[in-house]
Amino acid sequence: MNDDDALVTEFRQFVRRPSFPCVGAKAALTKGQLEFAVAHDLRAASADMQIYSALCNFAKRSQVGKTLFRSFVVLFRCPLTLNERAFEHHMWARLQALTDLDTQHGQPRDEHVSADPANPHFSLSFGGEAFFAVGLHPGASRAARRFSHPAIVFNPHYQFEELRRQGLYEKMRKRIVEKEVAVSGSVNPMLREFGEASEAPQYSGRLVEEGWTCPFHRK
């Protein structure tokens, strides 16, 4: 087993833990619909093109049938000692770089969401598909976000709307909140509904201060 395989296996085991609160990720794992890319360093741009290409291919596959419970996970081998602010900084640097590649390649933006991170309907867009990003790292204050290595999970946005349409969203959200409280002793204060406030502050997992400005723009 090479290092990449070992890191992917470790992430799968992390999701399988009974204490892990995201039931959507557990369902994606059970269905074999978690896809992975492994890069060396969250702080480096060297793997951006490979990550972007894999993410766009994932977006194309996701658009076929709009299957529920699919996620694309980017795992980074280092660094392992970032505090929450440092992780947030480098995570947004990678998201900005991937977005720049999307515009450079002439990909259409998903018009169902806003490109403005201050807008309540903001979401990322790659390959014409909207995504909600979830950051994890060893220094996360929330247990649900505390993985042994830096990671960014990309969740297709259409899934949330489809779950709402099927009447499943609130049930799943309630279960996630209950598990989060059981593990961390409180509800994640950054948790917001789409359209209620921008989802951008939720991405890194850090409790951002009032007046926080998202370091991102789509050119």
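Predicted, not measured: the structure shown is a model, and the values here were computed from it.

Looking at this structure, I do not really get the pattern of salt bridges. What am I missing?
Applying the stated criterion to the full structure yields 14 salt bridges. Its salt-bridge partner being Glu35, residue Arg61 comes within 2.3 Å of it at the nearest N-O pair. Taken as a pair, Arg61 in helix H3 (residues 48-63) and Glu35 in strand S1 (residues 34-41) lie far apart in primary sequence, 26 residues in all. Here Asp41 ties to Arg43 by a salt bridge, and the two come within 2.8 Å at their closest N and O atoms.

I would appreciate a short explanation of the nonpolar core in the present structure.
The tendency in soluble globular proteins is for nonpolar side chains to be buried side by side. Counting residues in each nonpolar core, the largest one holds 58 residues, and the members touching the most others are Phe11, Trp92, Leu95, Leu124, Phe154 and Tyr203. Setting aside chain neighbours within four positions, we find Tyr203 in contact with Met91, Trp92, Leu95, Phe122, Ser123, Leu124, Phe131, Phe132, Ala133, Val134, Gly135 and Arg145.

What should I look at first to understand unusual backbone geometry in this one?
In this chain, Cys78 is followed by Pro79 through a cis amide linkage whose omega measures 5 degrees. Note that Pro79 resides in the loop between strand S2 (71-78) and helix H4 (84-104). In the Ramachandran plot, Phe69 falls in the positive-phi region, its phi being about 60 degrees despite a non-glycine side chain. With respect to the secondary-structure elements, Phe69 resides in the loop between H3 and S2.

Hey, could you run me through empty space enclosed by the protein in this one?
Gaps left between atoms are located by rolling a probe of water-molecule size over the structure's atoms. Enumeration according to the criterion identifies 4 cavities of 30 Å³ or more in this entry. Taken as a whole, the second largest cavity holds about 40 Å³ of empty space. Taken together, Asp48, Ile51, Val74, Phe76, Arg94, Leu98, Ile152 and Phe154 form the lining of the second largest cavity. For the lining of the second largest cavity, the secondary structure elements donating two or more residues are H3, S2, H4 and strand S5 (151-156). Grouping the constituent residues of the lining of the second largest cavity by class yields 6 nonpolar, no polar and 2 charged.

Help me understand the side chain of Gln96 in this model?
Assignment of secondary structure puts Gln96 in helix H4. Aside from chain neighbours lying at most four places away, what touches Gln96 is Pro215, Phe216 and His217.

Looking at this structure, how should I read the packing of aromatic side chains?
Between two aromatic rings, the relevant description is the distance of the centres plus the angle of the planes. Inspection of the entire model under this criterion finds 17 aromatic pairs. Geometrically, the ring pair formed by Phe11 and Phe14 is tilted, given 6.0 Å between the ring centres and 40 degrees between the ring planes. A residue pair is termed a helical-turn pair when its members lie 3 or 4 positions apart in one helix, as Phe11 and Phe14 do in helix H1 (residues 3-16) at 3 residues. Neither residue differs from the other here; Phe11 and Phe14 are each classed as buried.

What is the right way to look at the environment of Arg145 in this model?
Within the secondary structure, Arg145 sits in the loop between strand S4 (129-136) and S5. By relative accessible area, Arg145 is classed as buried at 11%. Along the primary structure Arg145 and Arg61 are separated by 84 residues, whereas in three dimensions their C-alpha atoms are 27 Å apart. Aside from chain neighbours lying at most four places away, what touches Arg145 is Val134, Gly135, Leu136, His137, Ala140, Gln202, Tyr203, Ser204 and Gly205.

What counts as what
- Position numbers for residues count from 1 along each chain, tracking the sequence in the order it is written.
- Restriction of local features to residues with pLDDT of at least 70 applies here, the model being predicted, together with a cutoff of 80 or more for giving and counting side-chain atom pairs; totals for whole chains, interfaces and linings are based on all residues.
- Each side-chain value is worked out from all heavy atoms of the structure, with water and hydrogens disregarded.
- By salt bridge we mean one thing: a side-chain nitrogen of Lys or Arg within 4 Å of a carboxyl oxygen of Asp or Glu.
- Helix and strand labels come from DSSP, where a helix needs a run of H or I of at least four residues and a strand needs a run of E of at least two; each type is numbered from the N terminus.
- For this analysis, a nonpolar core means a set of buried residues of the types Ala, Val, Leu, Ile, Met, Phe, Trp, Tyr and Cys, connected via side-chain atoms within 4.5 Å.
- Exposed residues in this analysis have more than 50% of their type's maximum accessible area, buried residues have under 20%, and partly exposed residues fall in between, with area computed by a 1.4 Å probe over protein chains only.
- It only takes one pair of heavy atoms within 4.5 Å for two residues to be counted as in contact.
- Space inside and on the surface of the protein is sampled on a 1 Å grid over the protein atoms alone, with a cavity defined as a set of points where a 1.4 Å probe fits but cannot get out and a pocket as an open set with protein on both sides within 12 Å along at least 5 of 7 lines; lining residues have an atom within 4 Å of a point.
- Grid points are joined across faces, edges and corners, and a volume is the space filled by probe spheres set on the points.
- Under the convention adopted here, Pro, Cys and the residues Ala, Val, Leu, Ile, Met, Phe, Trp and Tyr are nonpolar, Asp, Glu, Lys and Arg are charged, and Gly plus all remaining residues are polar.
- Stacked, tilted and edge-to-face pairs are distinguished by plane angle, under 30 degrees for stacked and over 60 for edge-to-face with tilted covering the rest, among Phe, Tyr and Trp rings (Trp via its six-membered ring) whose centres lie within 6.5 Å.

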